[in-house]
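Here's the letter readout for the chains.
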Amino acid sequence: MDISIIIPVYNAEKYLKECLDSAILQTVKEKEIICIDDGSTDSSLQILEWYSKKEANFKVLRQENKGAGEARNAGLKIAVGKYISFLDADDFYIDPEALEKMIYACENCHLHVCAGLRRVYRDGFGIDFPLYRDCFEEGKNAGGKVMRYVDYQDDYFYQNYIFSARVIQENEIRFPVYRRYEDPPFFLAVMMLIKEYIILPVEFYGYRDSAEAFLRKGLYLTDILSGIRDNMKIAAENSLEELKKILIHRIDSEYALWILDNANKD
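Calculation criteria
- Residues numbered from 1 in each chain as written.
- Predicted model: local features only at pLDDT ≥ 70, side-chain atom pairs only at ≥ 80, totals over all residues.
- Heavy atoms only, no water.
- Salt bridge = Lys/Arg side-chain N within 4 Å of Asp/Glu carboxyl O.
- Helix = DSSP H or I, 4+ residues; strand = E, 2+ residues; numbered from the N terminus.
- Pairing = 2+ DSSP bridges.
- Right-handed = clockwise from strand over helix to strand, strands pointing away.
- Core = buried A, V, L, I, M, F, W, Y, C linked by side-chain atoms within 4.5 Å.
- Buried < 20%, exposed > 50% of the residue type's maximum accessible area, 1.4 Å probe, protein only.
- Axes fitted to C-alpha atoms, helices over the stretch in contact; angles between N-to-C directions.
- Parallel < 35°, antiparallel > 145°, perpendicular 65-115°, else oblique.
- Left-handed = near helix turned anticlockwise from the far one by under 90°.
- Contact = heavy atoms within 4.5 Å.
- Nonpolar A, V, L, I, M, F, W, Y, C, P; charged D, E, K, R; others polar.

(A) Layout of the pattern of salt bridges. The final tally for this structure, using the stated rule, is 19 salt bridges. A salt bridge links Arg166 to Glu170, with the nearest nitrogen and oxygen atoms 3.7 Å apart. Taken together, the residues span about one helical turn, with Arg166 and Glu170 both in helix α5 (residues 165-170) at a distance of 4 residues. Taken together, the shared-partner salt bridges connect Arg119, Asp128, Arg133 and Glu203 into one network.

As structure tokens, then:
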């Protein structure tokens, strides 16, 4: 199996079919799609069961509501792909050939991680997200560009990457049990091990932005700050000065008001 696509699902009936279709249409032939229903109360589980009956290599797990991190960990336990890709249930893949191209790049360059480009969608309109796009301006690096993590130093946007399953499984890397900011610690743990990765000029990840997601941040402030603290510790231990600056700025720019409104003993 070339790749396992892991999709946590919670009350995602509005966009779920588009998400699943984008995964199924990926041209890489040897793929499995692992969906973990995280205690949905809408029709998400019924949609997943319908797909599982008509699609080969489509697996559905169900758990009580524990959060997306725990759902992804459940998917990792049964994944058999050589590479892992994480897709959120309200997002989608853009280029049907993206995963095939990214797997080929990893194999060809003997690297464990590959990143693609991202577009952000709100109210049906999509805009190019700047992540890595300047590396490919005016046709530069058309075949991809090898990067060092120490030259990038951010812990966001892990959905833009595919990861070697061997690196994840042999090092027992898992998502912490936070309800929010659980993916940056996972991403940083992988990147600290692999050191180098390749980026491709392929339109890969379609991310849906929403005001609802922003408003939920205040509900999980302790988890968010715990995740930031985890990564700040790793940044300090490894002299990642740029990441430290990013994390401090993130607290100030994204979470300061939430902290003022929701601060507690924890």
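(B) Summary view of the pairing of strand β3 (residues 58-63). Where strand β2 (residues 31-38) lies against β3, 6 bridges are found, and the strand directions are parallel. Paired with Asp37 across the two strands is Arg62, which belongs to β3. A crossover links β2 with its parallel partner β3, the connecting element being helix α2 (residues 44-54), and its sense is right-handed.

(C) Broad picture of the nonpolar core. The biggest cluster of nonpolar side chains holds 48 residues, and the ones touching the most others in it are Tyr132, Tyr149, Tyr161 and Tyr197. Within the second largest apolar cluster, 35 residues are counted, among which are Leu87, Ile103, Val202 and Tyr205.

(D) Quick look at the packing of helix α1 (residues 16-24) against α2. Running from amino to carboxyl end, α1 crosses α2 at an angle of 25°, the nearest separation of the two axes being 11 Å. Considering the angle they form, α1 stands roughly parallel to α2. Remark: the crossing between α1 and α2 carries right-handed chirality. Only Ser44, Ile47, Leu48 and Tyr51 of α2 make contact with α1, whose side of the interface consists of Leu16, Lys17, Leu20, Asp21 and Ile24. Grouping the constituent residues of the contact of α1 with α2 by class yields 6 nonpolar, 1 polar and 2 charged.

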